[in-house]
Amino acid sequence: LGPGGGGALCDPARPARPAPPPAAPRFLDAQERIRVASRQEFVGRRRQLQRLRRGFAGQATGALVHGLGNLGKSSLAARLADRMTRHQLAVVFGQYDGLSILAELERVATPLLGKLFTNFKDRAAFQQEVAAMREAVRADEAMLGEVLRFLFDGVFAAHPLLLVIDDFERALEDPAPGQPQVLPQPDLRPALGALLGAFAAHHGSSRLLITSRYDFAVPDGAGADLAAGLIRVPLIGMGPRER
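Just so it is clear, the structure is predicted and the values come from calculations on it, not from any experiment.

Q: Explain the side chain of Ser-212 here, please?
A: Locating Ser-212 in the fold gives a position in strand β6 (residues 207-212). Residues contacting Ser-212, with those up to four places away along its chain left out, are Leu-64, Val-65, His-66, Gly-67, Lys-73, Phe-168, Glu-169 and Leu-172.

Written out as structure tokens, the structure is:
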């Protein structure tokens, strides 16, 4: 800048920059159930994003964003997904049983089969194997871990997965006074335990992100907590500078 002002930066003879069109509603999930802040609307949460990105760039395969309602947990998940451009986004919301999780994984994996298998017979054989595994999960939800390992080694090897499980407090028991830990509902524990175990043992690029109002634990029956390996990212109200 000098005596003549900003020069090319603010030349009054140049046409004005057109105003951007009104932003369309932004949703985290393909079914458009979870409305989130658009990139233009999103503010703050820089440190939380950095923590998630650094953790996922390292050895961490799972993270938990937790805090009270209306603090932007889902919008933070959407912003993270925007940054992880190599990953295929799958979103589980409302139904947290093994079959519902598997249905979302299949929805994301199906369009990728053409890239993975050029031969129709190979693609059909893969789909038949997934169908057999679906029946196995229907009989025993703990089998979800085997399905995940199969997908990690197959379709999600070249096209890594970002699995977001949103509003997970719906799957938890109600917090009670004197209860040291919040636990998942009993009928959902086998699928969740299998899911966490598969991601904990995963050495590829796929990642798991859970959003919940409450932190939680998933006992494995032997005294260990299957959720202990998740990166914890708590959200609190924004300060004036973030706002």
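Q: Would you mind going over the packing of aromatic side chains with me for this structure?
A: How two aromatic rings sit relative to each other is given by the distance of their centres and the angle of their planes. This model, assessed by the stated rule, comprises four aromatic pairs. Considering the side-chain rings of Tyr-96 and Phe-168, the 5.5 Å spacing of their centres and the 85° angle between planes classify their relative orientation as edge-to-face. Of this pair, Tyr-96 sits in the loop between β4 (88-93) and α3 (98-109) while Phe-168 is found in the loop between β5 (161-166) and α8 (189-200), placing the two residues 72 residues apart along the sequence. Assigned by exposure class, Tyr-96 and Phe-168 land together as buried. Judged by centre distance (5.2 Å) and plane angle (25°), the rings of Phe-126 and Phe-150 are stacked. Of this pair, Phe-126 sits in helix α5 (residues 120-139) while Phe-150 sits in helix α6 (residues 144-153); the two residues are 24 residues apart in sequence, bridging distant segments of the chain. Through successive ring pairs, a cluster of aromatic residues spans Tyr-96, Phe-168 and Phe-216.

Q: Is there a simple way to think about unusual backbone geometry in this case?
A: Peptide bonds are trans in most cases, and residues, glycine excluded, mostly fall at negative phi. Of note in the backbone geometry, Glu-32 takes a positive phi value of approximately 60° without being a glycine. Within the secondary structure, Glu-32 sits in the loop between β1 (26-27) and β2 (35-36). Residue class for Glu-32 comes out exposed when judged on its relative accessible area of 54%. We note that Arg-45 has phi near 65°; this positive angle belongs to a residue other than glycine. Position of Arg-45 among the secondary structure elements: in the loop between β2 and α1 (46-57).

Q: Please explain the sheet that holds strand β3 (residues 62-66) as it appears in this structure.
A: Strands belonging to one sheet form pairs held by backbone hydrogen bonds; the direction of such a pair is parallel or antiparallel. Strand order across the open sheet formed by five strands is β4-β5-β6-β3-β7, with parallel pairing between neighbours. The open sheet has two free edges, formed respectively by β4 and β7 (231-234), since each of these has just one partner strand. Here the average twist between neighbouring strands, direction ignored, is 15°. Of the pairings in the sheet, the one linking β4 to β5 comprises six bridges and is parallel in character. Bridge pairing in β5 links Val-92 to Ile-165. Against the sheet, α1 contacts β3, β5, β6 and β7, and its axis sits at roughly 170° relative to β7. Here helix α2 (residues 73-83) sits on the sheet and contacts β3, β4, β5 and β6; the angle it forms with β6, its principal contact strand, is near 160°.

Conventions adopted
- Residues numbered from 1 in each chain as written.
- Predicted model: local features only at pLDDT ≥ 70, side-chain atom pairs only at ≥ 80, totals over all residues.
- Heavy atoms only, no water.
- Helix = DSSP H or I, 4+ residues; strand = E, 2+ residues; numbered from the N terminus.
- Contact = heavy atoms within 4.5 Å.
- Phe/Tyr/Trp six-rings, centres within 6.5 Å; stacked < 30°, edge-to-face > 60°.
- Buried < 20%, exposed > 50% of the residue type's maximum accessible area, 1.4 Å probe, protein only.
- Pairing = 2+ DSSP bridges.
- Axes fitted to C-alpha atoms, helices over the stretch in contact; angles between N-to-C directions.

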